[in-house]
There are 2 protein chains.
Amino acid sequence: MPRMGERASVAQWLVAPGSGFRLADVDASATPGAPGGKEATVAASGEVHATLGALQERLWAEDARSLLVVFQAMDAGGKDGTIKKVFTGVNPQGVEVTSFKAPTDEELAHDFLWRVHAKTPARGRIGIFNRSHYEDVLVARVHGLISDDERRARYDRINEFERLLTGAGTTVVKVMLHISRDEQAERLRRRLERPDKRWKFRKGDLAERERWDEYMVAFEDAIAATSTELAPWFVVPADKKWYRDWVVLQILVDALQKIDPQFPEPEEDLDGVVVR
Amino acid sequence: MPRMGERASVAQWLVAPGSGFRLADVDASATPGAPGGKEATVAASGEVHATLGALQERLWAEDARSLLVVFQAMDAGGKDGTIKKVFTGVNPQGVEVTSFKAPTDEELAHDFLWRVHAKTPARGRIGIFNRSHYEDVLVARVHGLISDDERRARYDRINEFERLLTGAGTTVVKVMLHISRDEQAERLRRRLERPDKRWKFRKGDLAERERWDEYMVAFEDAIAATSTELAPWFVVPADKKWYRDWVVLQILVDALQKIDPQFPEPEEDLDGVVVR
């Protein structure tokens, strides 16, 4: 258990490439590595938050490299909440969130990576994908929209695409927020019961919930096939929101510390300059 | 002087359409309407900040209307700092900041509103322009790139463009952060002197500073010509950052309260639904 302020090793949430990853081995309600219970962990997150803000400022100032963070989860898995909690407090100049919905006609008229490529982060930016090109191997598989061959071909295209991005200076980090089936039921019930949350409830979510086991197979297979050295997956136990937020902060700060962005050099010959 | 928590009237910073606006009448170092000195005003901003966050959440949930905030200022006028201070703490999902730089070849191959139109906020979003189409009547004028006729034609095109946006559900608010020439000198000197700020210093800024008076004429004329009922300008005394941030928060909360976004209605027939 790390002490307050100490950085936790992100290896514990990493899906090591070629490791024979099994989603069933991840307990969605566990809190491995947490600095303590809820209160201590929230306090620790506060410190990491400040570090994230400082690193983002340097990334923006450096204007040379970028970070892409992909979030995937089941419905009610906490994508919106994580983005709100983790990135509120970071200067929005330099952070770009893209929520991918059902594709438009124009998007469908192109290959499946076209719309996501258009939204990858420019130099100096953090790009956040709320859903992503992984929908095209998850939903598409569960709903039988693609053959097994097409799915495997898409894994290859995804790995090649992400290699293109990393080769151009974009660090790619992919995060599955993993909740249990019981936790999803809790959250959907809360949406139904709370008048101020009810507008979020979609009857269609119940139909997807029926396919829970198929989704777990699809997630496991896609993550195993696309967690690479260059663009790794992290699977985060996400039943407990305070733990989830802390883990995501650890993963992002670790990625930015590896980038190690630097303030640029000043212009030359500034020593004699006087402002009148 | 408003009491804590009470909303100040934004009329005091508004450039009333057709009012014969004179920039020289605005004292950049004044703090009219502030709830007190620095400490009291920062505390008041904290409260308004929470209100801004809550209104943004509703705007996003409603997914029907949007808000565009345009920031213009002289170099070192505080555009970056204001955006950081005012919007850090707002969920970045739903906030999109665009910094307009010198136009690219592709942008120059189109009309001057093409690149800004592409970045106007979609339904549910707050769009923030750090510089904007107003550069094309400010810098362009001071550097003699356009004739007087062309400049006046651009004012008309801008007013028509902003009418298009407001007609489609986008509230447009334009903010000039007004600093004094002395304050600019202070800030540029600080950039030179502080090792961690020195990278921000551009010798080219000194050449622009030589044209201060021409810029003031250009700002005054452009603001007078384009502050309309639908898309008003606010001129904010911005020498004191704590006052500036508080005023911008007032203006944004006022705009969002006038939009008065609502959480959407839930789907129909949810009463019998059970989550299993």
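For clarity, every value in this text was computed on a predicted model and none was experimentally measured. (Residues numbered from 1 in each chain as written. Chains lettered and ligands numbered in written order. Predicted model: local features only at pLDDT ≥ 70, side-chain atom pairs only at ≥ 80, totals over all residues. Heavy atoms only, no water.)

Student: Run through the overall build of chain A, naming residues and quoting values.
Tutor: If you tally the helices and strands in chain A, you get 10 helices and five strands. Against the compact-globule benchmark of 19 Å for 276 residues, chain A has a radius of gyration of 20 Å, which places it among compact chains. Projected onto its principal axes, the C-alpha coordinates of chain A cover approximately 70 × 45 × 40 Å. With 276 residues in all, chain A has 50% of them scored as buried. Within chain A, residue pairs in contact and separated by at least 24 positions form 82% of the contacts whose partners lie at least 6 positions apart. Positive and negative side-chain charges in chain A, numbering 40 and 45 respectively, have mean positions lying 6 Å apart. (Helix = DSSP H or I, 4+ residues; strand = E, 2+ residues; numbered from the N terminus. Rg over C-alpha atoms; globule rule 2.2 N^0.38 Å. Buried < 20%, exposed > 50% of the residue type's maximum accessible area, 1.4 Å probe, protein only. Contact = heavy atoms within 4.5 Å. Lys, Arg positive; Asp, Glu negative; His and termini not counted. Charge placed at Lys NZ, Arg CZ, Asp CG, Glu CD.)

Student: Break down the side chain of Thr-82 of chain A for me, citing the residues and quoting the values.
Tutor: All names here are of chain A. Within the secondary structure, Thr-82 sits in helix 2 (residues 79–87). Separated by 2.6 Å, the side chain of Thr-82 and the backbone oxygen of Gly-78 make a polar contact. Filtering out sequence-adjacent residues up to four positions away, Thr-82 remains in contact with Phe-71, Phe-87, Leu-177, Arg-244, Asp-245 and Val-248. (Polar contact = N/O pair within 3.5 Å; in protein donor to acceptor, adjacent residues only side chain to side chain.)

Student: So what's going on with the interface of chain B and chain A? Which residues, and what values?
Tutor: Interface size is often expressed as the accessible area that is lost when the parts come together. Taken together, the contact between chain B and chain A spans 43 residues of the former and 43 residues of the latter. A combined buried area of about 3,800 Å² lies between chain B and chain A, and 58% of that area is made up of carbon and sulfur atoms. The largest share of the area that chain B buries against chain A comes from Gln-93, Trp-199 and Val-275 of chain B, three residues that together contribute 19% of it. Of the charged contacts in the structure, one is a salt bridge between Asp-271 of chain A and Arg-198 of chain B, with a shortest N-O distance of 3.1 Å. At the boundary of chain B with chain A, the tally comes to 18 residue pairs in polar contact (both at pLDDT 80 or more). Going through the elements one at a time, helix 1 (38–62), helix 2 (79–87), strand 2 (95–99), helix 7 (181–193) and helix 8 (203–209) of chain B are the ones with two or more residues in the side of chain B that touches chain A. Of all the elements, helix 7 of chain B adds the most residues to the side of chain B that touches chain A, at five residues. Tallied by class, residues from the side of chain B that touches chain A come to 21 nonpolar, six polar and 16 charged. (Buried area = accessible area lost by both parts, 1.4 Å probe. Salt bridge = Lys/Arg side-chain N within 4 Å of Asp/Glu carboxyl O. Nonpolar A, V, L, I, M, F, W, Y, C, P; charged D, E, K, R; others polar.)

Student: Please give an account of the packing of aromatic side chains that cites residues and values.
Tutor: In this structure the tally under the stated criterion is 10 aromatic pairs over all chains. Both rings, one in Trp-199 of chain A and one in Phe-263 of chain B, keep their centres 5.6 Å apart while their planes meet at 25°; by these two values the pair is stacked. Placement of Trp-199 of chain A in the loop between helix 7 (181–193) and helix 8 (203–209) and of Phe-263 of chain B in the segment after helix 10 (241–259) is noted, with the two residues assigned to different chains. With relative accessibility at 28%, the residue Phe-263 of chain B sits in the partly exposed group. Geometrically, the ring pair formed by Tyr-243 of chain A and Trp-246 of chain A is tilted, given 6.1 Å between the ring centres and 35° between the ring planes. One end of the pair is Tyr-243 of chain A and the other is Trp-246 of chain A, both in helix 10 (residues 241–259) and three residues apart, which spans about a single turn. Its relative accessible area of 0% is what places Tyr-243 of chain A among the buried residues. Given the relative accessible area of 1%, Trp-246 of chain A is considered buried. (Phe/Tyr/Trp six-rings, centres within 6.5 Å; stacked < 30°, edge-to-face > 60°.)

Student: Can you tell me about the relation of the copies chain B and chain A, naming the residues and giving the values?
Tutor: Superposing chain B onto chain A takes a rotation of 180° combined with a translation of 0.0 Å along the rotation axis, leaving an RMSD of 0.0 Å. Taken together, the turn and the small shift mark the pair as related by a two-fold rotation axis. Residue Gly-89 of chain B, judged by its C-alpha, is the member of chain B lying nearest the rotation axis, at 2.3 Å. In this assembly the copies share their binding face: 100% of the residues contributing to the interface of chain B also contribute to that of chain A. (Least-squares fit on C-alpha atoms with pLDDT ≥ 70 in both.)

Student: Give a description of the packing of helix 6 (residues 148–167) of chain A against helix 9 (residues 212–226) of chain A that names residues and reports values.
Tutor: Axis angle and axis distance: for two packed helices, these are the angle between their axes and the distance between the axes, and together they describe the pair. Residues and elements named next belong to chain A. Closest axis-to-axis distance for the helix 6/helix 9 pair is 9 Å, and the angle between their directions is 45°. As judged from the angle between their axes, helix 6 and helix 9 are oblique. By crossing handedness, the relation of helix 6 to helix 9 is classed as right-handed. Residue-level contacts link Arg-151, Tyr-155, Ile-158, Asn-159 and Glu-162 of helix 6 to Ala-218, Asp-221, Ala-222, Ala-225 and Thr-226 of helix 9. (Axes fitted to C-alpha atoms, helices over the stretch in contact; angles between N-to-C directions. Parallel < 35°, antiparallel > 145°, perpendicular 65-115°, else oblique. Left-handed = near helix turned anticlockwise from the far one by under 90°.)

Student: Explain helix 10 of chain A to me, and be specific about the residues and the numbers.
Tutor: Residue and element names in this part refer to chain A. End to end, helix 10 covers 27 Å across 19 residues, agreeing with the expected 27 Å (1.5 Å per residue, within 8%). The buried count for helix 10 comes to 16 of 19 residues, which makes it a mostly enclosed element. Following helix 10 by one or two positions, Asp-260 adopts a phi angle in the positive range, close to 55°. (Expected span 1.5 Å × (residues − 1).)

Student: Run through the sheet that holds strand 2 (residues 95–99) of chain A, naming residues and quoting values.
Tutor: Two strands in a sheet stick together by hydrogen bonds in their backbones, pointing the same way (parallel) or opposite ways (antiparallel). Residue and element names in this part refer to chain A. What the five strands build is an open sheet, ordered 2-3-1-4-5; its pairing is parallel. Edge positions in the sheet fall to strand 2 and strand 5 (233–237), since each of these pairs with one other strand and no more. Going from strand to strand, the sheet's axes swing by 20° on average, the running direction of each strand aside. The strands that helix 6 touches are strand 1 (66–73) and strand 4 (170–178); relative to strand 4, the one it contacts most, it runs at about 130°. (Pairing = 2+ DSSP bridges.)

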